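# Reading the structure
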There are 2 protein chains.
Amino acid sequence: MCELLGMNCNVPTDICFSFTGFQKRGGETSIHADGWGIAFFEGKGVRLFLDPKPSAQSPIAELVRNYPIQSLNVIAHIRKATQGLVSLENTHPFVRELWGQYWVFAHNGNLPQFQPELYGAFLPVGNTDSERIFCWLLQSLRIRFNDTPPARDVLFAALHELTDQLAGMGIFNYLLSNGECLFAHCSTELNYLIRHSPFNVAHLKDEDMTVDFSHVTTPNDRVAIIATVPLTDNEPWQAMVPGTLWMFHEGEAVAQLATTPSPIKSLAEDLRTTN
Amino acid sequence: MCELLGMNCNVPTDICFSFTGFQKRGGETSIHADGWGIAFFEGKGVRLFLDPKPSAQSPIAELVRNYPIQSLNVIAHIRKATQGLVSLENTHPFVRELWGQYWVFAHNGNLPQFQPELYGAFLPVGNTDSERIFCWLLQSLRIRFNDTPPARDVLFAALHELTDQLAGMGIFNYLLSNGECLFAHCSTELNYLIRHSPFNVAHLKDEDMTVDFSHVTTPNDRVAIIATVPLTDNEPWQAMVPGTLWMFHEGEAVAQLATTPSPIKSLAEDLRTTN
């Protein structure tokens, strides 16, 4: 399996603190050593850093950790390969363009039976189930809305319907963004946290590091952090209910809908308790 | 205007030496200070580094310069903005997927009159003429060959026909790669160099730095370097004739076809001699 990290804000914010803890899990404090990646929206553009090496030992991850890139939407992923070789083309997040917007997708899970018919507008470059799912999602949105991007709520309803078709097939935790909203599907495990005024001191779980957010924020800032496993040990993380799709916008969870819970959830829980 | 740098090899090679000289031109030894980018193919995957800051002062460029990424095809670009704001979404190279392959494109020039009809399969995210041209090229290939990527020579012939439609409209130097071949169009100015056995010592023009390639190569290695302006001052760079499209494969110039020379070539030459 893999781990996901997402951020959605109302003002451009850097993710250096959260990424510091997340990076450690890629081969140091956890086992996700089969590559990592992070995508930052900046305006309409995307900066994507990918490395098939473990993030804990990657010079590129070191740069990302120390280089404050200000972004409204960020998606990061550390990989423990289940399907597809360890290679650059199989490293998440994946990026495609639809409606003149970049879309970014990262997946934690396994949907081996999902073999959709892809018509050619979006085709996988690598051989993961995750990139196949992403191509199918974008193809389905394109077919449904043709050349006109829908309003945010209509998009969320469509994503809900599409996600629900897959949710019963396996483990399907994902993060998806078009630069405006961040969509998060909790199939088995995903947590989130909203940082807002009054800001406090946060302490990482994976490294003895603190930051006092009251020194680096303004009273109107709102930041949503979404992670497979909470990154700090002194903040009020909320566990998402398995089988829920969320829409985050400007640092708030603005919508939530139920999906079919993963049939493999109980197996996943068993695996966690025995490992 | 901008400057282009490309590399096409028969064995994965790093571009650290050439990039060291090229990076200096982004705001230090030359005026191209409106952002830079570099794309490396690794297998079927692409690593893309973009920064709207000048490359001479960019921490990401510093990483690229010191981190030997082995690649068969590389495209880099330093920008002096002519159309489109200085922003991440307007920073070259651009990447899209067609036929389950990533395609990378960078442009040096100006084709303001070219306003093609784009059907939605590939749309620009930013507002440069360059990204618009790239979308049109991929759209045209997709329409022509439908879902089946053509053989290399057929692809080259199609690119020649498409390039020629635009070549008479303005300055249209470009580099394009699908990870297998590197296509280079010289509209006004582009030079290339083939490094092969016996390898020699090379000396950069923009920094007092040498490398002895005989120490870091094997006798079968072949590397083609393509650059707007030669990067070294002691190697046999060849000036491409304005109005030529080239295909490089495994470190060799394997095909060349004439296109319509840019009508603005003489103007560009006047500008160079007076600046």
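If you're wondering where the values come from, they're calculated on a predicted model, not measured in any experiment.

### Some remarks on the side chain of B:Thr188
Along the chain, B:Thr188 turns up in the loop between strand 8 (181–186) and strand 9 (191–196). Looking at B:Thr188, its side chain comes within polar contact range of the side chain of B:Asn173, at 2.9 Å.

### Describing the side chain of B:Asp221
Residues and elements named next belong to chain B. As for its position among the elements, Asp221 is in the loop between strand 11 (210–212) and strand 12 (222–227). One buried charge, Asp221, has no salt-bridge partner; the nearest side chain with opposite charge is Arg222, at 9.9 Å. Reaching out from Asp221, the side chain makes a polar contact with the side chain of Thr218 at a distance of 2.6 Å. Leave out the neighbours within four places in its chain, and Asp221 touches Asn10, Val11, Arg195, His196, Ser197 and Phe199.

### Considering unusual backbone geometry
The omega angle of the peptide bond from A:His92 to A:Pro93 is -5 degrees, so this bond is cis rather than trans. One non-glycine residue with positive phi stands out, namely A:Asn146, at about 55 degrees. Locating A:Asn146 in the fold gives a position in the loop between helix 3 (129–145) and helix 4 (152–167). The residue B:Glu250 is not glycine, and still its phi comes out positive at about 50 degrees. Considering the arrangement of structural elements, one finds B:Glu250 in the loop between strand 14 (244–249) and strand 15 (252–258). The class for B:Glu250 is partly exposed, based on a relative accessible area of 44%.

### Focus: the interface of chain A and chain B
With 33 residues of chain A in contact, the opposing surface of chain B contributes 33 residues. Carbon and sulfur atoms make up 55% of the surface buried where chain A meets chain B, a total of about 2,700 Å² over both sides. Taken together, the connections running from chain A to chain B amount to four salt bridges. Between B:Glu97 and A:Arg96 there is a salt bridge, with its nearest N and O atoms 3.1 Å apart. Across the contact surface, chain A and chain B share 16 residue pairs in polar contact (both at pLDDT 80 or more). Elements supplying a minimum of two residues to the side of chain A that touches chain B: strand 3 (45–51), helix 2 (59–66), strand 5 (94–98), strand 6 (101–110) and helix 3 of chain A. Looking at which element gives the most residues to the side of chain A that touches chain B, the answer is strand 3 of chain A, with seven residues. Here the side of chain A that touches chain B is built from residues that sort into 18 nonpolar, four polar and 11 charged.

### Description of the UniProt feature "domain: Glutamine amidotransferase type-2" (unreviewed entry) in chain A
In the numbering used here, UniProt assigns the "domain: Glutamine amidotransferase type-2" (unreviewed entry) feature to residues 2–251 of chain A. Between the first and last C-alpha atoms of residues 2–251 of chain A the distance is 24 Å; the span itself is 20% helix and 35% strand.

### Re the confidence of the model for chain A
Of the residues in chain A, 96% reach a pLDDT of 70 or more, and the chain-wide mean stands at 91. The low-confidence segment residues 270–275 of chain A, where pLDDT is below 50, has one contact with residues more than four positions distant or belonging to other chains.

### Observations concerning the pairing of strand 8 (residues 181–186) of chain A
Residue and element names in this part refer to chain A. Buried residues dominate strand 8, accounting for six of its six residues. Neither face of strand 8 is exposed, since Cys181, Phe183 and His185 on one face and Leu182, Ala184 and Cys186 on the opposite face are all buried. As judged from the four bridges shared by strand 7 (residues 171–177) and strand 8, these two strands associate in the antiparallel manner. Counted as the bridge partner of Leu175 is Ala184 from strand 8. The hairpin formed by strand 7 and strand 8 contains three residues between the paired strands, and Gly179 there has a positive phi angle of roughly 95 degrees. When strand 8 meets strand 14 (residues 244–249), the two strands line up antiparallel, connected through six bridges. Paired with Phe183 across the bridge in strand 14 is Met247.

### Things to note about the environment of B:Leu155
All names here are of chain B. Looking at the element boundaries, Leu155 is found in helix 4 (residues 152–167). Of the residues examined, Leu155 reaches a relative accessible area of 4% and is grouped as buried. Residue contacts for Leu155: discarding those within four places in its chain leaves Trp103, Leu141, Pro150, Asn178 and Phe183.

### Topic: the packing of helix 3 (residues 129–145) of chain B against helix 4 of chain B
All names here are of chain B. Remark: helix 3 packs on helix 4, axes separated minimally by 11 Å, with the N-to-C direction vectors making an angle of 135 degrees. One finds that helix 3 runs oblique with respect to helix 4. Of the two elements, helix 3 crosses helix 4, and the hand of that crossing is right-handed. On helix 4, the residues that touch Ile133, Trp136, Leu137, Ser140, Leu141, Arg144 and Phe145 of helix 3 are Val154, Leu155, Ala158, Leu159, Glu161, Leu162, Gln165 and Leu166. For the contact of helix 3 with helix 4, the class distribution of residues is 11 nonpolar, two polar and two charged.

### Focus: the nonpolar core
Ranked by internal contacts, the top residues of the largest apolar core, which has 50 residues, are A:Trp36, A:Ile38, A:Phe49, B:Trp36, B:Ile38 and B:Phe49. What A:Ile38 contacts, discounting residues up to four positions off in sequence, is A:Ile15, A:Phe19, A:Arg47, A:Leu48, A:Phe49, A:Val64, A:Val74, A:Ile75, A:Ala76 and A:Pro93.

Conventions used here
- Residues numbered from 1 in each chain as written.
- Chains lettered and ligands numbered in written order.
- Predicted model: local features only at pLDDT ≥ 70, side-chain atom pairs only at ≥ 80, totals over all residues.
- Heavy atoms only, no water.
- Helix = DSSP H or I, 4+ residues; strand = E, 2+ residues; numbered from the N terminus.
- Polar contact = N/O pair within 3.5 Å; in protein donor to acceptor, adjacent residues only side chain to side chain.
- Buried < 20%, exposed > 50% of the residue type's maximum accessible area, 1.4 Å probe, protein only.
- Lys, Arg positive; Asp, Glu negative; His and termini not counted.
- Salt bridge = Lys/Arg side-chain N within 4 Å of Asp/Glu carboxyl O.
- Contact = heavy atoms within 4.5 Å.
- Buried area = accessible area lost by both parts, 1.4 Å probe.
- Nonpolar A, V, L, I, M, F, W, Y, C, P; charged D, E, K, R; others polar.
- UniProt positions renumbered as here; feature names shortened; annotations may be inferred.
- pLDDT = per-residue confidence, 0-100.
- Pairing = 2+ DSSP bridges.
- Axes fitted to C-alpha atoms, helices over the stretch in contact; angles between N-to-C directions.
- Parallel < 35°, antiparallel > 145°, perpendicular 65-115°, else oblique.
- Left-handed = near helix turned anticlockwise from the far one by under 90°.
- Core = buried A, V, L, I, M, F, W, Y, C linked by side-chain atoms within 4.5 Å.

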